[in-house]
Amino acid sequence: MTTNTEPTPIDDGRHDFDFLVGTWRVQHRKLAAMADPACDEWVEFEGVQWMRQTLGGLGNVDNVRVERMPDGKSFEGMSVRLFDVEARLWRIWWASTAAPGHLDPGVSGRWDGPHGVFHGEDVVGGKPVGVRFDWNVFDADTAQWEQAFSFDGGENWVHNWRMSFTRIGD
């Protein structure tokens, strides 16, 4: 009788963000006024992001850096993601130099194959908004994150930020 000494990977969702470990070139496309549902002016810029796992793979932290936004300023942000084993749910929080000392309310959700959807609530520009993150993994070296806001309780969603990822290092 042959026994397998390799541990069986746990398939409860905790490995869903493993694809993001490493360093990425990120092409950003963002609405100029994200709190305005009628805005149709887009700005584009590039940045670099790295992600590392923590808490034995039940969490991860990433950092994105943009040296030059269209307004000439630099920008840095970070995400913290934690996996709730019992709920089989990811929770994600965001902080950035755009709002020093502030941690945005979290979003939560899960993956279905190469697509993850995460929802939450926030106040942006003094207005309550629904927040949705959509992640798509295309292959080992390309992925995309997109954010949308709902200003009407989830009836309609306005896409306001897209980040297209291309791997540049492990």
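Structure: see above.
Residue numbers restart at each chain and count upward from 1, following the sequence in its written direction. In keeping with the predicted nature of the model, local features appear solely for residues at pLDDT of at least 70, side-chain atom pairs appear and are counted solely at 80 or more, and the whole-chain, interface and lining totals rest on all residues. Hydrogen atoms and water are omitted, and side-chain values are computed over all heavy atoms in the structure.

Caption draft 1: Seen up close, the nonpolar core. Ranked by internal contacts, the top residues of the largest apolar core, which has 32 residues, are Phe17, Leu20, Phe118, Trp135 and Phe165. Put simply, DSSP marks the helices as runs of H or I at least four residues long and the strands as runs of E at least two long, and each gets a number from the N terminus on. In terms of residue count, strand β8 (residues 127-139) provides more of this core than any other element does, 4 residues in total. Residues in contact with Phe118, not counting those within four places in the same chain, are Phe17, Trp90, Ile92, Val107, Ser108, Gly109, Arg110, Trp111, Val131, Arg132, Phe133 and Trp135. Residues belong to a common nonpolar core when they are buried Ala, Val, Leu, Ile, Met, Phe, Trp, Tyr or Cys residues joined through side-chain atoms within 4.5 Å. When accessible area is computed with a 1.4 Å probe and restricted to protein chains, residues below 20% of their type maximum are described as buried, those above 50% as exposed, and intermediate ones as partly exposed. Should any heavy atoms of two residues lie within 4.5 Å, those residues are considered in contact.

Caption draft 2: Representation of the packing of aromatic side chains in the model. The rule is short: rings of Phe, Tyr and Trp, with Trp giving its six-membered ring, pair when the centres are within 6.5 Å, and they are stacked under 30 degrees, edge-to-face over 60, tilted in between. Counted according to the given criterion, the structure contains 16 aromatic pairs. Aromatic side chains Phe17 and Trp90 sit 5.0 Å apart centroid to centroid with 80° between the ring planes, which places their arrangement in the edge-to-face category. Of this pair, Phe17 sits in the segment before β1 (22-31) while Trp90 sits in strand β5 (residues 89-96), and the two are 73 residues apart along the sequence. You can call Phe17 buried: its relative accessible area is 1%. On the basis of an interplanar angle of 70° and a centroid distance of 5.7 Å, the ring pair of Phe19 and Trp111 is categorised as edge-to-face. Linking Phe19 in the segment before β1 with Trp111 in strand β6 (residues 107-112), this pair joins segments that are 92 residues apart in sequence. For the residue pair Phe19 and Trp111, the accessibility class agrees, reading buried in each case.

Caption draft 3: Local environment of the sheet that holds strand β2 (residues 42-54). Paired strands, as defined in this entry, are two strands with at least two bridges between them according to DSSP. A barrel is described by the order of its strands in space; here 10 strands give the closed sequence β1-β2-β3-β4-β5-β6-β7-β8-β9-β10, paired in antiparallel fashion. Taking each pair of neighbouring strands and ignoring which way they run, the sheet shows an average axis angle of 25°. To get an axis, fit a line to the C-alpha atoms, keeping to the stretch in contact for a helix; angles then go from 0 to 180 degrees between the N-to-C directions.

Caption draft 4: Looking closely at the side chain of Asn63. Within the secondary structure layout, Asn63 lies in strand β3 (residues 59-66). Asn63 sits in the buried class, given a relative accessible area of 15%. When neighbours within four sequence positions are excluded, Asn63 is seen to be in contact with Val48, Gln49, Trp50, Glu76, Gly77 and Met78.

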